[in-house]
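# A look at the structure
Chain residues, written in single-letter form:
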Amino acid sequence: MGLRWMSLCSILLFLCVCCLGVDEGAGSPGEHGDQLRRMWLHSMRNAKNRQKAAVEQASPFRGLATHQLLYSPVGIGFHLQILTNGSVGGVHEPSEYSLLKVFAVRPGIVGIRGVKSELYLCMSRQGIVQGLRKFSNECLFKEHMEENHYNTYSSLSHVGLFLALSHRGQLRKGHRVGRHQASTHFLPRKPLPH
Ligand SMILES: *[C@@H]1O[C@H](CO)[C@@H](O)[C@H](O)[C@H]1NC(C)=O
């Protein structure tokens, strides 16, 4: 009888030691504290992110997250810009006029609007590109990702006319260029936060 109790006790003692051993494997008391601190920081961060997301959703500036630059690799590299007088061209250092909103109206079909100028990028039958206040079919572009992962933008209503910049950052007439020329390639980029 006494022997049985003793073996039971030793089993219990053994289990206790095992448990402690496992606990120790997870970290010393100091590490345990660190772990708790990390978990707490993690949950705080999650809460903060959730709060931020909620604010962004409610804010009128929500669209800001979707603003972008269209970078052209030709010449020294340019960012497409739409000035308030309707002029469209490239500028090396992105300006407030190169902040664009590229929005899809159907899969693969987009409109491009200057955030500052509030003008839509439109292309005429003659391949002339300008910023216009009034949105029309001439302001719709087929967005196509090329093999090099740059996008091309071709007019939806005037087939074969591409948005293109010259090596000096000037707008090229749409019908003289094709999708294989670097002048038609644009990389959508996120503006860097200020
Ligand atoms: C718009 O303004 C720019 C810079 O001020 C100028 O170079 C360009 O010629 C103007 N375009 C038109 C259509 O007036």
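In what follows, the structure referred to is the one given above.
Residues numbered from 1 in each chain as written. Predicted model: local features only at pLDDT ≥ 70, side-chain atom pairs only at ≥ 80, totals over all residues.

### Considering the pairing of strand β2 (residues 78–82)
When a strand is regular, its side chains alternate between the sheet's two faces. Spelled out, the test is: With C-beta atoms placed from the backbone, a residue is buried if 20 or more other C-beta atoms are within 10 Å of its own, exposed if 12 or fewer are, and partly exposed between those counts. A run of H or I in DSSP counts as a helix once it spans at least four residues, and a run of E counts as a strand once it spans at least two, with each numbered from the N terminus. Pairs of strands are assigned from DSSP output, requiring at least two bridges between the strands.
Judged by how many residues are buried, β2 sits mostly within the fold: five of five residues are covered. Burial along β2 is two-sided: the residues F78, L80 and I82 and H79 and Q81 are all buried. Direction of pairing for strand β1 (residues 67–72) relative to β2: antiparallel, over a ladder of two bridges. Among the inter-strand pairings, S72 is bridged to a residue of β2, identified as F78. Counting the residues that bridge the hairpin from β1 to β2 gives five residues, and of these G75 lies at a positive phi of roughly 55°. For β2 and strand β3 (residues 88–91), the ladder comprises four bridges, and the chain directions are antiparallel. The residue bridging H79 from the neighbouring strand is V91, located in β3. Connecting the antiparallel pair β2 and β3 is a turn made up of five residues, with G86 showing a positive phi of about 95°.

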